[in-house]
Amino acid sequence: MPHIDISTDLFQKIQQNLSPSGSVDDFVRSAIEARLADQGQRDEFFRLTDETRRRMLDQGLTEEGVLVDFELQRRGDSAP
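The numbering scheme is per chain: residues are counted from 1 as the chain's sequence reads. A pLDDT threshold of at least 70 governs which residues receive local features in this predicted model, and a stricter bar of 80 or more applies before side-chain atom pairs are shown or counted, although totals over entire chains, interfaces and linings include all residues. Note that water and hydrogens are dropped before the side-chain values are worked out from all heavy atoms of the structure.

(A) Geometry of the packing of aromatic side chains. Put simply, two rings from Phe, Tyr or Trp (the six-membered ring, in Trp's case) pair if the centres are within 6.5 Å, and we call them stacked under 30 degrees between planes, edge-to-face over 60, tilted for the rest. Inspection of the entire model under this criterion finds one aromatic pair. Seen in terms of ring centroids, Phe45 and Phe46 are 5.5 Å apart; in terms of plane orientation they differ by 70°. Their pairing is edge-to-face. Whether a residue is buried, partly exposed or exposed follows from its accessible area with a 1.4 Å probe, protein chains only, as a fraction of its type maximum: under 20%, in between, or over 50%, in that order. According to the relative accessible area criterion, Phe45 is partly exposed, its value standing at 49%.

(B) The pattern of salt bridges, seen in detail. Salt bridges are defined by distance alone: a side-chain nitrogen of Lys or Arg within 4 Å of a carboxyl oxygen of Asp or Glu. Inspection of every chain in the model, using the stated rule, returns seven salt bridges. Between Arg54 and Glu51 there is a salt bridge, with the nearest N and O atoms lying 2.6 Å from each other. Of this pair, Arg54 and Glu51 both sit in helix α2 (residues 24-58), three residues apart, roughly one helical turn. Under the relative-accessibility criterion, Glu51 is labelled partly exposed at 25%. Arg74 is the partner of Glu71 in a salt bridge, and the nearest nitrogen-oxygen pair spans 2.5 Å. Of the two residues, Glu71 and Arg74 both sit in helix α3 (residues 63-75), three residues apart, roughly one turn of that helix. On the basis of relative accessible area, Arg74 is assigned to the exposed category, the value being 56%. Ionic contacts of the salt-bridge type, sharing partners, join the residues Glu51, Arg54, Arg55 and Asp58 into one network. Secondary structure elements are taken from DSSP: a helix is a run of H or I of four residues or more, a strand is a run of E of two residues or more, and numbering for both begins at the N terminus.

(C) Representation of the layout of surface pockets. A pocket, in this scheme, is an open set of points on a 1 Å grid over the protein atoms alone with protein on both sides within 12 Å along at least 5 of 7 lines, while a cavity is a set where a 1.4 Å probe fits but cannot get out; residues line either one if an atom lies within 4 Å of a point. Grid points are joined across faces, edges and corners, and a volume is the space filled by probe spheres set on the points. For the largest pocket, the calculated volume is near 390 Å³. Lining the largest pocket, in full, are Met1, Pro2, His3, Ile4, Ile6, Phe11, Val24, Asp25, Val28, Arg29 and Ile32. A total of five residues in the lining of the largest pocket trace back to one element, the largest contributor, which is α2. Think of it as three bins: nonpolar holds Ala, Val, Leu, Ile, Met, Phe, Trp, Tyr, Cys and Pro, charged holds Asp, Glu, Lys and Arg, and polar takes everything else, Gly as well. Looking at the lining of the largest pocket residue by residue, the class counts come to eight nonpolar, one polar and two charged.

(D) Region of the structure containing a nonpolar patch on the surface. The patch calculation keeps residues exceeding 30% relative accessible area without a salt bridge and links them within 9 Å when they carry like charges or within 5 Å when they are nonpolar (Val, Leu, Ile, Met, Phe, Trp, Tyr). Each accessible area value is a Shrake-Rupley result obtained with a 1.4 Å probe; residue values ignore everything except the protein chains displayed when judging cover. Together, Ile4, Ile6, Leu10, Phe11, Ile32 and Leu36 give the surface a local cluster of nonpolar side chains, amounting to about 530 Å² of exposed area. Taken together, the elements giving at least two residues each to the nonpolar patch come down to α1 (8-16) and α2. Residue classification places Ile32 among the partly exposed positions, given a relative accessible area of 41%.

(E) Broad picture of the packing of α1 against α2. To get an axis, a line is fitted to the C-alpha atoms, and for a helix only the part in contact is used. The angle between two axes follows their N-to-C directions and goes from 0 to 180 degrees. For the pair α1 and α2, the least separation of the axes is 10 Å and the interaxial angle reads 100°. Between α1 and α2, the crossing angle belongs to the class labelled roughly perpendicular. Residue-level inspection shows Phe11, Ile14 and Gln15 of α1 in contact with α2, the latter providing Val24, Phe27 and Val28. A breakdown of the residues in the contact of α1 with α2 according to their chemical character gives five nonpolar, one polar and no charged. For classification purposes, an angle smaller than 35 degrees is called roughly parallel, one larger than 145 roughly antiparallel, one from 65 to 115 roughly perpendicular, and anything else oblique. Throughout, a residue-residue contact means that at least one pair of heavy atoms, one from each residue, lies within 4.5 Å.

As structure tokens, this is what we get:
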């Protein structure tokens, strides 16, 4: 099984925050799983925003134009 080294200070902080039935291994495993899930969500967000930008450009839309249109719609004005 792989092994990682953590500083004594960090190890002590983990121990101080464990539930009575928890282990350092479980705490670290859970933290890593949460971090990996966050990274996966961040990667998906960037993939989707890149795809949205590409589709906007393919349709000839610009960010500035979309923002102007949004503001006009928000105020209830007609498009220019």
